[in-house]
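Descriptive structure summary
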Amino acid sequence: MQIVDQIIIDILQGTQKVGDKLSSVREMAVKMGVNPNTIQRAYAELERMGAVETRRGQGTFVINNPELFATIKLDMQREIINRYVKDMKQLGVSSIEMIDQLKAFVEGEEEHDD
């Protein structure tokens, strides 16, 4: 799923655009340092999700599915927020403190870019 997530992030960021061909299974396996079967399963999952299509003899391509990508982006945002809130609560941080800290961080984003 980490590979699926990374490819989805590439699509959401525009690194991979609609119509772009993904690297071949072998090329992606070498680039990510994993077994080609792992990439094949990731591509199959992306196809099952409706994010890509495989054209026999041509490769795997990002398809135009803006509704899917909007839903995935929102789901990923919620997952990140959920993890953040859970971790902060474990530290004993109140909701108001979380919001204040998050607001301060976002407003000073230029200083915090990673």
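Quick note: structure is the one above.
Residues numbered from 1 in each chain as written. Predicted model: local features only at pLDDT ≥ 70, side-chain atom pairs only at ≥ 80, totals over all residues. Heavy atoms only, no water.

**Re helix α1 (residues 2-13)**
- With 12 residues, α1 extends 16 Å from end C-alpha to end C-alpha; this agrees with the ideal 16 Å at 1.5 Å per step.
- Buried residues of α1: Ile3, Val4, Ile7, Ile8, Asp10 and Ile11, and no others. In an axial view of α1, the angular spread of the buried residues amounts to 155°, which keeps them on one side of the axis. Facing away from the buried side of α1, by more than 90 degrees, are the exposed residues Gln2 and Gln13.
- Along its buried surface, α1 packs onto α2 (25-32), α3 (36-49), β2 (59-62) and α4 (66-90).
- Looking one or two places after α1, you find Gly14, whose phi comes out positive at around 90°. (Helix = DSSP H or I, 4+ residues; strand = E, 2+ residues; numbered from the N terminus. Expected span 1.5 Å × (residues − 1). Buried < 20%, exposed > 50% of the residue type's maximum accessible area, 1.4 Å probe, protein only. Arc of directions from axis to C-beta. Contact = heavy atoms within 4.5 Å.)

**As for the packing of aromatic side chains**
- Tallied over the full model, the rule gives zero aromatic pairs.
- Residue placement shows Arg55 over the ring face of Phe61; its charged tip is 3.9 Å from the ring centre. (Phe/Tyr/Trp six-rings, centres within 6.5 Å; stacked < 30°, edge-to-face > 60°. Lys NZ or Arg CZ within 6 Å of the ring centre and 35° of its normal.)

**Looking at the pairing of strand β1 (residues 52-55)**
- Strand direction decides the pairing type here: β1 and β2, joined by four bridges, are antiparallel. Looking across to β2, one finds that Glu53 is bridged to Phe61.
- The loop that links β1 with its antiparallel partner β2 comprises three residues; one of these, Gly57, has a positive phi angle of about 80°. (Pairing = 2+ DSSP bridges.)

**Re the packing of α1 against α3**
- Following both chains from N to C, one finds α1 and α3 inclined at 55°, their axes separated by 9 Å at the closest point. Classed by the angle they form, the pair α1 and α3 counts as oblique. For α1 against α3, the interelement crossing comes out right-handed. The segment α1 lies against α3, with Ile3, Val4, Ile7 and Ile8 engaging Thr38, Ile39, Ala42, Tyr43, Glu45, Leu46 and Met49. (Axes fitted to C-alpha atoms, helices over the stretch in contact; angles between N-to-C directions. Parallel < 35°, antiparallel > 145°, perpendicular 65-115°, else oblique. Left-handed = near helix turned anticlockwise from the far one by under 90°.)

**As for the environment of Met76**
- Checked against the element boundaries, Met76 lands in helix α4.
- With relative accessibility at 19%, the residue Met76 sits in the buried group.
- Dropping the residues within four chain positions of it, Met76 is found in contact with Asp5, Ile8, Ile9 and Leu12.

**Digging into a nonpolar patch on the surface**
- Taken together, the side chains of Leu102, Phe105 and Val106 present a nonpolar region at the surface, about 260 Å² in accessible area.
- Checked against the element boundaries, Val106 lands in helix α5 (residues 95-107). (Patch = residues over 30% accessible without salt bridge, like charges linked within 9 Å, V, L, I, M, F, W, Y side chains within 5 Å. Areas by Shrake-Rupley, 256 points an atom, 1.4 Å probe, with all protein chains shown as cover. Salt bridge = Lys/Arg side-chain N within 4 Å of Asp/Glu carboxyl O.)

**Brief notes about the nonpolar core**
- Core analysis: the biggest nonpolar cluster contains 19 residues, and Ile7, Ile8, Tyr43, Leu46, Ala51 and Phe69 have the highest contact counts within it.
- Contributions of two or more residues to this core are made by α1, α2, α3 and α4.
- By residue number, the principal contributor to this core is α1, which donates five residues.
- Among residues more than four places away in sequence, those in contact with Ile8 are Leu46, Met49, Ala51, Phe69, Ile72 and Met76. (Core = buried A, V, L, I, M, F, W, Y, C linked by side-chain atoms within 4.5 Å.)

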